[in-house]
Amino acid sequence: MTTTTADSAPEPIASIKPLRLPEKLSYGLGDFASCLYWNTLKFLNYFYTDVFGLLPQHAKNLAWFRLIDAFFDPVMGMLADRTKTRWGKFRPYFVWMCLPLAMIGVLTFSTPHLSYAGKLAWAIITYNGLMLIYTAINIPYTALMGVITTNPLDRTFLSSIKYVGAFAGGTLAGTFILQAVAPHGWLGATTEAKGWQIAFVLIGIVACLCFLGMFFMTRERVEPPPAQETSVKRDLKDLVTNGPWLILVATTVTFILFNALPGNTYIYYFKYFVGTQLVHLPNFLPFGWGGEHSLTFRGLTSGYTGLNQGASLAGAMLLPVFVKILGRKGTFMVSMVVAIVCTAAFYFLRPTQILPIFGLGLVYAISSGPIIALLMTNYADSADYGEFMKSRRATGLIFSACILTQKAGWAFAGWLGLDLQASSGFVANQEQTPQSLRMLVLLMSLIPAAFGVLTMICFAFYPLHEGRVAEIGAELNRRRSAAQAQ
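Reference entry: report on the structure contained in this document.

Things to note about the environment of Leu158
Alright, step 1. Tracing the backbone through its elements, the reader meets Leu158 in helix 8 (residues 152-181).
Alright, step 2. Given a relative accessible area of 0%, Leu158 falls into the buried group.
Alright, step 3. Placed 39 residues apart in sequence, Leu158 and Lys119 show a C-alpha to C-alpha distance of 41 Å.
Alright, step 4. Setting aside residues no more than four positions away along its own chain, Leu158 makes contact with Leu19, Lys24, Tyr27, Met145, Ile148 and Thr149.

Quick look at the structure:
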């Protein structure tokens, strides 16, 4: 078997060398760009209810439209698997889709002067467009990990770098977005609605540069077996009979619910439960941050988001160290226990306990940082397992189905969170009832903690430990070398 790079002749499998550091680091640009969008979508419920002007009962139903896009994921994965260009299967989509993504992002976060029905239609159309185009660039990006290298250590490093980029993008977006879009805020917009629009013009420019940079700095090296025939039916059959992949799907759905319920809630938590608080910070802090400050929900939310994303970034960077000490499964389980305990503890906190709120969020973020990175590494391994068992490879389909489960989890979490808020009497921009405030606390604590326990139960059955992965990788390389010699 041979592989084709953008600038060279086919490269024999046996000659593939360990990845150079610049290529490894450039892979993180994709998730940096993606998470400028994805992490800002955590504020989408807030944007629709408190800025755009939709009622909670209508905004919550928009979450279900993610399922339309989610079921497009396998289609996109199979399309990418069948794409053949001189640049590979997956990399061309970075060039083709980066500008459309930038344009639809601006439209999604624009507030046109329309009737309520017109605005609802606008939200439905632009939101679906954003998610579909996001899929068309993110599925190939995620699948790229499976074809850059077959080395398990390089894959773990790539997964770590991927989420370093993700949390760096999330930190930038989460820390500054609310302050930037505020009326007469950092972007100079006269209204918050205008601020969101300007912000997404800037996000689109940065994202385009990142995707183009990654296109030029990465290469694809792993191809399907040369005798593999194209068959959608066979690809789907192989997928649903891949035991490790099925376990990862269940683990991913429950983990996304564990992560997304508080992720969608904490802006409401700070706005309505915590409120404006007097905060004392150490005097030695630079940039005038030290001393006594009266912080509104914008300042508290921005600080909480930035701190947590930075802590998750640190957790993702430490993933190779954790794995070396505890192994993949041990790292996952220990991280989940810490994250669950921190989440459940929010139930006992009062609005004035700013330091414990931020402290628990910080520990949760450090512990949860490695988890999603480990899941992505395991999906790459499950693609190898599928090829090992069936002598067929569908890397794009494996990863697209992974993204499908994530989106389904986020869709259900978005709907469930707003549905529970609405059922408890939540009304945007009004003083909340005790029942509504209690529900915000539950959505930050005990409800997601229960899904965290389910995540651990699912992952306990995952069979591909490091030794087994190494055996599979060695056998696949032997097969590829033998096929190449024929």
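Now that the structure is up, let's keep going.
Regarding the side chain of Ser335
Alright, step 1. Within the element layout of this structure, Ser335 appears in helix 13 (residues 319-345).
Alright, step 2. Excluding its chain neighbours within four sequence positions, the residues that come into contact with Ser335 are Ser367, Pro370 and Ile371.

Focus on empty space enclosed by the protein
Alright, step 1. Following the criterion strictly, the structure yields four cavities of 30 Å³ or more and no others.
Alright, step 2. There is about 670 Å³ of room inside the largest cavity.
Alright, step 3. Taken together, 38 residues form the lining of the largest cavity, with Asn39, Lys42, Phe167, Asn259 and Trp410 sitting closest to its centre.
Alright, step 4. The set of elements that each furnish at least two residues to the lining of the largest cavity consists of helix 1 (21-38), helix 7 (116-148), helix 8, helix 11 (243-274), helix 12 (297-317), helix 13, helix 14 (354-390) and helix 15 (395-423).
Alright, step 5. Residue composition of the lining of the largest cavity, grouped by class: 20 nonpolar, 14 polar and four charged.

Re the environment of Val321
Alright, step 1. Tracing the chain through its elements places Val321 in helix 13.
Alright, step 2. Note on Val321: relative accessible area 44%, which makes it partly exposed.
Alright, step 3. For the pair Val321 and Thr331, spaced ten residues apart in the sequence, the C-alpha separation amounts to 9.7 Å.

Looking at the state of the cysteines
Alright, step 1. Taken as a whole and judged by the stated rule, the model has zero disulfides.
Alright, step 2. Summary of cysteine pairing: Cys208 is not part of a disulfide, and the nearest cysteine sulfur, belonging to Cys98, is at 4.0 Å.
Alright, step 3. The exposure class of Cys208 is buried, given its relative accessible area of 14%.

As for the packing of helix 6 (residues 92-108) against helix 7
Think of two packed helices as two axes; the pair is described by the angle between the axes and how far apart they sit.
Alright, step 1. Where helix 6 meets helix 7, the axes come as close as 9 Å, and the angle between the chain directions of the two elements is 155°. Relative to helix 7, helix 6 is oriented roughly antiparallel. You can see that helix 6 and helix 7 cross each other, and the crossing is left-handed. Contact with helix 6, carried on its side by Tyr93, Phe94, Met97, Cys98, Pro100, Leu101, Ile104, Gly105, Leu107 and Thr108, involves Trp122, Thr126, Tyr127, Gly129, Leu130, Ile133, Tyr134, Ala136, Ile137, Pro140, Tyr141 and Leu144 of helix 7 and no other residues of that element.
Alright, step 2. For the contact of helix 6 with helix 7, a count of residues per class yields 18 nonpolar, four polar and no charged.

Each value, and the rule that gives it
Residues numbered from 1 in each chain as written. Predicted model: local features only at pLDDT ≥ 70, side-chain atom pairs only at ≥ 80, totals over all residues. Heavy atoms only, no water. Helix = DSSP H or I, 4+ residues; strand = E, 2+ residues; numbered from the N terminus. Buried < 20%, exposed > 50% of the residue type's maximum accessible area, 1.4 Å probe, protein only. Contact = heavy atoms within 4.5 Å. 1 Å grid on protein atoms, 1.4 Å probe; cavity = no way out; pocket = protein on both sides within 12 Å on 5 of 7 lines; lining within 4 Å. Points joined across faces, edges and corners; volume = space filled by probe spheres on them. Nonpolar A, V, L, I, M, F, W, Y, C, P; charged D, E, K, R; others polar. Disulfide = S-S within 2.5 Å. Axes fitted to C-alpha atoms, helices over the stretch in contact; angles between N-to-C directions. Parallel < 35°, antiparallel > 145°, perpendicular 65-115°, else oblique. Left-handed = near helix turned anticlockwise from the far one by under 90°.

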